[in-house]
Amino acid sequence: MQKILIANRGEIAVRIARACRETGVASAAVFSECDRLSPHVRYADEAYAIGPSAPRDSYLRVDRILAAARRAGADAIHPGYGFLAENASFAEAVRDAGLTFIGPSPETIALMGSKTAARTAAVGAGVPVVPGTTEPLGPDVPDAEAARLAASIGYPLLVKAVAGGGGKGMRTVADPADLAGAMRAARSEAGSAFGDTTVYFERQLVRPRHVEVQLLGDHHGTILPFVERECSIQRRHQKVVEETPSPAVTPDLRLQMTRAAAAVARAVGYTNAGTIEFLLDEDGRFYFLEMNTRLQVEHPITELVTGVDLVRWQLRIARGERLDLLADRVIAPLGHAIECRVYAEDPDNNFLPSPGRILRLRPPSGPGIRDDSGAAAGLEVPIFYDPMISKLAVWAEDRPAAIARLRRALDEYLVVGIKTTLPFFAWLTGEQAFIEGRFHTTYLDEVLKARNGRPFSEASHGDEDVATIAAALQAVLSPSTVTPSHSDNGTGGRRDQGWKTRARLEGLRAASTRES
């Protein structure tokens, strides 16, 4: 491969371009109308316009992506994650165009992209799955038949879209009377998000943890599982915090889960990067959930505890190279890593998106801190895409030290001009349940509900002092309250208050910076 077209945007496009640069491969970016000045466009070696801002007219247009690859003279395409990354038709079109798709085969994407087919594959590999239906339920399934199937599984259960992910097309049903309505809602959302309205039923486990295993597979039959990631901190089925290793996984359980993940991947002939997701119940039993046939958002924390550059290995595997990593090394974590997904959302307004111009951006730095970002000061966070602006990841020698480092990093992180989830993370990392690792997939939704809308940035006594300083400054500096002084002896009027004014300004500036 001499040149790679990156069929994505934001922080993951920057991440891939960096890997290209380190391996001596040229990179070509694509951009929509509103992304013309984005960091990923400026970082790549060259860039090509692919249409208007709406994803359906740009990043989801297979024809325009392939046309850009031809114009660039690229011989490979990296899809990143999201958009077309798990689209089997796109992977097939790339292959048919004579280009290398940096990911698994179209056939594997299609197989594991169907959650019901993936469950069947897991059963065939001898891996336990959560009880549920084995066949997809189309829109023509009668309500009576759906009710019978649901009763055979038991309540509470989940109605889940066969295609896609990210919590879309998913509804929880505790009462049989709510089943029909939940199916209609899940089908409608799945149809809009994935173009597929089929669903299936899955028994809802009580307070499970979400634990996943990163995999790499080469074209020579080697499947390599990595140390697990804990992804239980979720809001409405969407991950917001990930860490590795999991506080709930013992070395023996890790061995069992990684072997099970490798068995599933081996059964479907998996190549390149992928992830097997499991649910872990309160008794330590794990169940196959699904497979993501792409690079995960949270891959940086695996890189931090293993020292393995997953994106570079994606490129090497696509070139046909053999995996030569030591299996024992990549399942034995060195230290602990935690990642927060920083979104342009207002946590004090039900996490509604907060698009707009970033006036000032100061990411944290120092030992053990990594900030993968697709944002920059002076640029807009557009309304058209996922509002994640960065992934803040930290590493330390153990979990308590990693939490302390994360809190320090959050304290340093400054974003001015838009609302972000930084205050939410500052609150969460101080919660005792988080500190002690006592959480599950519904933990965050439960504690947010218990807060009952209480703001995350609550005024402290220090904040009240800052407000007092601000009021005093307003009184001192307002032209209507200043009495001109003609004295030069420093004993009257405004001139002799200069040192006090400067001190108060400095106190206000420092306190405001801490709050931001």
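Everything numeric here is computed off the predicted structure, so don't read it as measured data.

### Considering the sheet that holds strand 1 (residues 3–6)
Ordered by their spatial adjacency, five strands build an open sheet running 3-2-1-4-5, and the pairing between neighbours is parallel. Two strands bound the open sheet, and with one partner strand each, they are strand 3 (46–49) and strand 5 (100–101). Contacting strand 1, strand 2 (26–31), strand 3 and strand 4 (76–78), helix 3 (residues 62–72) crosses the sheet at an angle of about 140° to strand 3.

### A closer look at the packing of aromatic side chains
In total, this model carries 14 aromatic pairs according to the counting rule given. For the pair Phe424 and Phe456, a centre-to-centre distance of 5.6 Å together with 85° between the ring planes defines the contact as edge-to-face. Of the two residues, Phe424 sits in helix 14 (residues 422–428) while Phe456 sits in the loop between helix 16 (443–451) and helix 17 (461–477), which places them 32 residues apart along the sequence. With relative accessibility at 2%, the residue Phe424 sits in the buried group. The ring of Tyr43 carries Arg21 above its face, with NZ or CZ at 4.3 Å from the centroid.

### A closer look at unusual backbone geometry
In the segment running from Tyr155 into Pro156, the intervening peptide bond is cis, with an omega of -5°. Residue position: Pro156 is located in the loop between helix 7 (143–153) and strand 6 (157–161). Residues Thr244 and Pro245 are joined by a peptide bond in cis, for which omega reads 0°. The topology assignment puts Pro245 in the loop between strand 11 (238–244) and helix 9 (251–267). Phi at His237 is positive, roughly 70°, even though this residue is not glycine. Secondary-structure assignment places His237 in the loop between strand 10 (223–235) and strand 11. Located in the positive-phi region is Asn452, a residue other than glycine, with phi close to 55°. In this structure, Asn452 sits in the loop between helix 16 and helix 17.

### Re the packing of helix 5 (residues 106–113) against helix 6 (residues 115–124)
Their axes nearest at 5 Å, the elements helix 5 and helix 6 cross at an angle of 95°. Between helix 5 and helix 6, the angle falls in the class roughly perpendicular. Here Leu111, Met112 and Gly113 of helix 5 come into contact with helix 6, specifically with Lys115, Ala117, Ala118 and Ala121. Of the residues that constitute the contact of helix 5 with helix 6, the class distribution is five nonpolar, one polar and one charged.

### Details of the side chain of Glu345
Assignment of secondary structure puts Glu345 in strand 15 (residues 345–346). The buried charged residue Glu345 lacks any salt bridge partner; its closest oppositely charged side chain belongs to Arg235, at an N-O distance of 4.1 Å. Non-local contacts of Glu345, meaning those with residues more than four positions away in its chain, are made with Arg235, Phe351, Leu352, Pro353, Ser354, Pro387, Lys419, Thr420 and Thr421.

### Quick notes on the pattern of salt bridges
Throughout the structure, instances matching the rule amount to 33 salt bridges. With a shortest N-O distance of 2.8 Å, Lys239 and Glu298 are connected by a salt bridge. With Lys239 in strand 11 and Glu298 in the loop between strand 13 (286–292) and helix 10 (299–306), this pair connects stretches of sequence that are 59 residues apart. Like Glu298, Lys239 is buried. The residue Arg408 makes a salt bridge to Glu412 at a minimum N-O spacing of 3.0 Å. Of this pair, Arg408 and Glu412 both sit in helix 13 (residues 399–412), four residues apart, roughly one helical turn. When salt bridges that share partners are traced, they join Glu212, Arg229, Lys239, Glu242, Glu277, Glu298 and Arg341 into one network.

### Concerning the sheet that holds strand 6
The pairing of strands in a sheet comes from backbone hydrogen bonds and takes either a parallel or an antiparallel form. As summarised here, the arrangement of the three strands in space is 7-6-8, forming an open sheet in which the pairing is antiparallel. Sheet topology places strand 7 (170–173) and strand 8 (199–203) at the edges, where each strand pairs with a single neighbour. Within the sheet, the average angular offset between the axes of one strand and its neighbour, ignoring direction, is 25°. Bridge count between strand 6 and strand 7: four bridges; the pairing is antiparallel. Bridge assignment links Leu158 to a residue of strand 7, and that residue is Thr172.

### Digging into the pairing of strand 19 (residues 369–373)
Counted residue by residue, strand 19 has four buried out of five residues, so it is predominantly covered. For strand 19 and strand 21 (residues 388–396), the ladder comprises five bridges, and the chain directions are antiparallel. Its bridge partner lying in strand 21, Asp372 is registered against Lys391.

### Looking at the nonpolar core
With 37 residues, the main nonpolar core has Ile233, Val241, Phe424, Leu428 and Leu444 as its most contacted residues. Leaving out residues up to four positions away in the same chain, Phe424 has contacts with Pro347, Phe351, Leu444, Leu448 and Phe456. Ranked by size, the runner-up nonpolar core spans 31 residues in total, among them Ala17, Val25, Val330 and Met388.

### Brief notes about the side chain of Thr421
Structurally, Thr421 can be placed in the loop between strand 22 (414–416) and helix 14. A distance of 3.0 Å separates a polar side-chain atom of Thr421 from the backbone nitrogen of Tyr343. Those residues in contact with Thr421, other than ones at most four positions away along the chain, are Arg341, Val342, Tyr343, Glu345, Pro347 and Phe351.

### Points about helix 13
Here helix 13 spans 20 Å end to end across 14 residues, near enough to the 20 Å set by a 1.5 Å rise per residue. Buried residues of helix 13: Arg399, Ala402, Ile403, Leu406, Ala409 and Leu410, and no others. Here the buried residues of helix 13 occupy an arc of 125° about the axis, which is enough to place them on one side. The opening residue of helix 13 is Asp398, an N-cap whose side-chain oxygen sits 2.9 Å from the backbone nitrogen of Ala401.

Reading the values: rules and limits
- Residues numbered from 1 in each chain as written.
- Predicted model: local features only at pLDDT ≥ 70, side-chain atom pairs only at ≥ 80, totals over all residues.
- Heavy atoms only, no water.
- Pairing = 2+ DSSP bridges.
- Helix = DSSP H or I, 4+ residues; strand = E, 2+ residues; numbered from the N terminus.
- Contact = heavy atoms within 4.5 Å.
- Axes fitted to C-alpha atoms, helices over the stretch in contact; angles between N-to-C directions.
- Phe/Tyr/Trp six-rings, centres within 6.5 Å; stacked < 30°, edge-to-face > 60°.
- Buried < 20%, exposed > 50% of the residue type's maximum accessible area, 1.4 Å probe, protein only.
- Lys NZ or Arg CZ within 6 Å of the ring centre and 35° of its normal.
- Parallel < 35°, antiparallel > 145°, perpendicular 65-115°, else oblique.
- Nonpolar A, V, L, I, M, F, W, Y, C, P; charged D, E, K, R; others polar.
- Lys, Arg positive; Asp, Glu negative; His and termini not counted.
- Salt bridge = Lys/Arg side-chain N within 4 Å of Asp/Glu carboxyl O.
- Core = buried A, V, L, I, M, F, W, Y, C linked by side-chain atoms within 4.5 Å.
- Polar contact = N/O pair within 3.5 Å; in protein donor to acceptor, adjacent residues only side chain to side chain.
- Expected span 1.5 Å × (residues − 1).
- Arc of directions from axis to C-beta.

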